[in-house]
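Overview (structure and organization)
Read off the chains here:
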Amino acid sequence: MKYQCILDDVPNYTAFLTVDELRASAHRLVETHPEHVRLMPIGKSRRGEPMEALVIGNGLHKALLFAMPHPNEPIGSMTLEYLSWRLAEDAALIEELGYIWYMVKCIDPDGTRLNEGWFKGPYTLEHYARNYYRPPAFQQIEWTFPVDYKTLHFHNPLPETRALMHLMEQVSPDLLYSLHNSGFGGVYFYVSGGNPRFYQELHDLVAGEELPLHLGEPEMPFIKPYAPAIFPEVSVQDIYDYYAANNPTDPAVIMRQGASSFDYLRGLGTGFSIVCEMPYFYNPKIVDTNPSDIIRRDAILQSVARDREYDAFHRRQFEAVADLLTAPSPFVETIQEWLRIFPESAAALENWARNDPQTARPGTVAEVFDSLVVGKFYRLFTLGLLLRAFTHQMAVGGEHPRLRRAYEEVEVEFERQSAEVTRELDYHVIPIRKLVRVQLGAGLLAAELAREMV
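A brief structural summary. (Residues numbered from 1 in each chain as written. Predicted model: local features only at pLDDT ≥ 70, side-chain atom pairs only at ≥ 80, totals over all residues. Heavy atoms only, no water.)

Summed over the entire model, instances satisfying the criterion amount to 36 salt bridges. Among the salt bridges present, the one from R416 reaches E420, with a minimum N-O distance of 3.1 Å. Remark: E420 and R416 occur in helix α15 (residues 401–425); sequence separation between them is 4 residues, near one turn of the helix. Of the residues examined, R416 reaches a relative accessible area of 41% and is grouped as partly exposed. (Salt bridge = Lys/Arg side-chain N within 4 Å of Asp/Glu carboxyl O. Helix = DSSP H or I, 4+ residues; strand = E, 2+ residues; numbered from the N terminus. Buried < 20%, exposed > 50% of the residue type's maximum accessible area, 1.4 Å probe, protein only.)

Among the nonpolar cores identified, the biggest contains 161 residues, and W101, F198, I274 and F390 are the most heavily contacted of them. At 15 residues, the largest contribution of residues to this core is made by helix α14 (residues 365–397). Non-local contacts of W101, meaning those with residues more than four positions away in its chain, are made with L54, V55, I56, A63, L65, L83, L87 and A447. (Core = buried A, V, L, I, M, F, W, Y, C linked by side-chain atoms within 4.5 Å. Contact = heavy atoms within 4.5 Å.)

With that settled, consider the pairing of strand β8 (residues 188–191). Of the two faces of β8, both are covered, the one formed by Y188 and Y190 as well as the one formed by F189 and V191. With helix α8 (residues 196–208) bridging β8 and the parallel strand β9 (residues 230–232), this β-α-β connection has right-handed handedness. (Right-handed = clockwise from strand over helix to strand, strands pointing away.)

With 6 of 7 residues buried, strand β3 (residues 61–67) is to be regarded as a mostly interior element. Note that β3 and strand β4 (residues 99–104) share 6 bridges and pair parallel. Each residue of the ladder has a partner; that of K62, found in β4, is I100. Looking at chain direction, β3 and strand β7 (residues 175–179) are connected through 5 bridges and run parallel. Its bridge partner lying in β7, A67 is registered against L179. (Pairing = 2+ DSSP bridges.)

Sheet architecture is open: 8 strands sit in the order β1-β2-β4-β3-β7-β10-β8-β9, paired in mixed fashion. The strands lining the two open edges of the sheet, one partner per strand, are β1 (37–44) and β9. For this sheet the average axis-to-axis angle between neighbouring strands, irrespective of direction, equals 20°. For strand β2 (residues 50–56) and β4, the ladder comprises 3 bridges, and the chain directions are antiparallel. Note on β4: the bridge partner recorded for I56 is W101. (Axes fitted to C-alpha atoms, helices over the stretch in contact; angles between N-to-C directions.)

Bringing α15 into the picture now. A rise of 1.5 Å per residue sets the reference length of α15, with its 25 residues, at 36 Å; its end C-alpha atoms lie 36 Å apart and thus fit the reference within 8%. Among all positions of α15, only L403, A406, Y407, V410, E411, E413, F414, Q417, S418, E420, V421 and L425 are buried. The inward-facing, buried residues of α15 abut α6 (125–130), α12 (296–321) and α14. At the exit of α15 stands D426, carrying a positive phi of roughly 45°. (Expected span 1.5 Å × (residues − 1).)

For the rest of this paragraph, the subject is the environment of K105. Here K105 is to be found in the loop between β4 and α5 (109–113). Its relative accessible area of 6% is what places K105 among the buried residues. Separated by 24 residues in sequence, K105 and A129 have C-alpha atoms that sit 23 Å apart. Contacts of K105, omitting those with residues within four sequence positions, involve L22, S25, A26, L54, A67, M68, S77, L80, E81 and S84. One polar contact links K105 to E81, side chain to side chain, over a distance of 2.5 Å. (Polar contact = N/O pair within 3.5 Å; in protein donor to acceptor, adjacent residues only side chain to side chain.)

This is the structure we're talking about:
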C-alpha cells in the first residue's frame, strides 16, 4: 500500500479511550502543535457536552471524518486518535496527502459514556453485552438527517446531527468517512462508488492484516455487492422500499427515523463517501463460501423462528415489570423500540426469504453460520439492556420483589445464552491495532480515490 509506513506506526492499543480521554488528547494536540492544528466548536450534545472538530492541514481537498456515529462503535475514535497525532507531527505528510482534515473523534458523547463499561476490557462476548448500549434509530446521529420520501417525513435532527449537517454544509467535503464498526463477523464496506482497482485495494488491505471479509448474510437482505463484502451505500429510501415490498404496514410507521449522513451528502451534491465496518470478534467460518447442506432460505427462516422465541421471552419479562420502570432510562427507550419494531422486521425478512429466488439455492457455510449462530450473539444485547434497565430502576427507585424476580430470571437466561453463544461461536478477538490499521488504510485509499474524482 502507498502509505504503508503510516499504518506501520499504529501503536499496539490495548483499550479504547473514553470520552474524557479523547477530549483531553485533542486539547493536548492543539497545545503541542498549534502550527498545524486547531479546534473548531461545532455544537453541544443533548446533555450539553461541548463537541469539537479537530482541523489539521491546509490542502486543496477537504475530508470530514467522524467517529461514534453509533456509541457502541469506538474503533473509529482510535483511528482518529492516531491519525490526528500522526498528521500533526509530520508536515510533509500533510502536504503529500493534500487535504484539510476535519475530524470529530466522538459525535455522540452522551451515548458513548453508556458504553464505557466495556472499553477497557475484558474483551469477551459476555462483558460486551453486559455493558452495551445503542439508542433507537430515531435517536441515532447516523439516522436522523432530514428526509421526505413517500409517506416518510423526518424533520427532527438531533443536536449532534445538526452539528454534522452544518459542518458538512460549511466544509463541502471531497471525502466523507463515517467511522462505524460491527460486532461479530468480518470486514465489509459501503461506498458511494469506486472502481475494480479500488475494490481490490480494499480486499488486499484486509488480507494484509490476516482478517476475514464478511461473506455471510448482508445487513439488509436486498443489498447487491459491487464486489465481495463491498456494497453500495444503503439509503433510507432503499430501506423504505424494502419494507413496502415485504410488509403491508406503512414503512414510515415501522421506521420512525431519518436519513443517513451519506444521504445528506448526496443531497449537497458533493464528495465521495465510505463506511468501513469492522468486527471485534470473528470465526473463520464467516469467509467459507463452500456450499452447505442447508438451503439458504431454510437457514434464514429458522433464524426468524428462533428470534421470535427470544422476542417472546424479552417481551414477557419487560411487560411483567413495565409499570415499575418509572425512572427515565435510555435503556428502557431502546428496549421499547426494539419490541415495537421486531414483529414488523421479522415479517418483512420472512416474506423476502420466502419469495426471493436467490434464497432457493444451498446456503454457503458462511451464510448458514451467520443466520443460525452469529444471530444469537446479537440477541444477547436485548438481555443485557434488560438487565441494565432493571438495575438502573432498582438503584434509583429501590428494590421491588417483582422487579428483583424479573432481574434474576433474565440473569439466568443471559448466563445460559452467553455460555451457549461462546461455545458455538468459538470466537477470536481482533487486536485493536489491526482494526485501526484496516479502517485507517481504507480511509487513505478513499482519500486518494476522492482526490482523483474532483
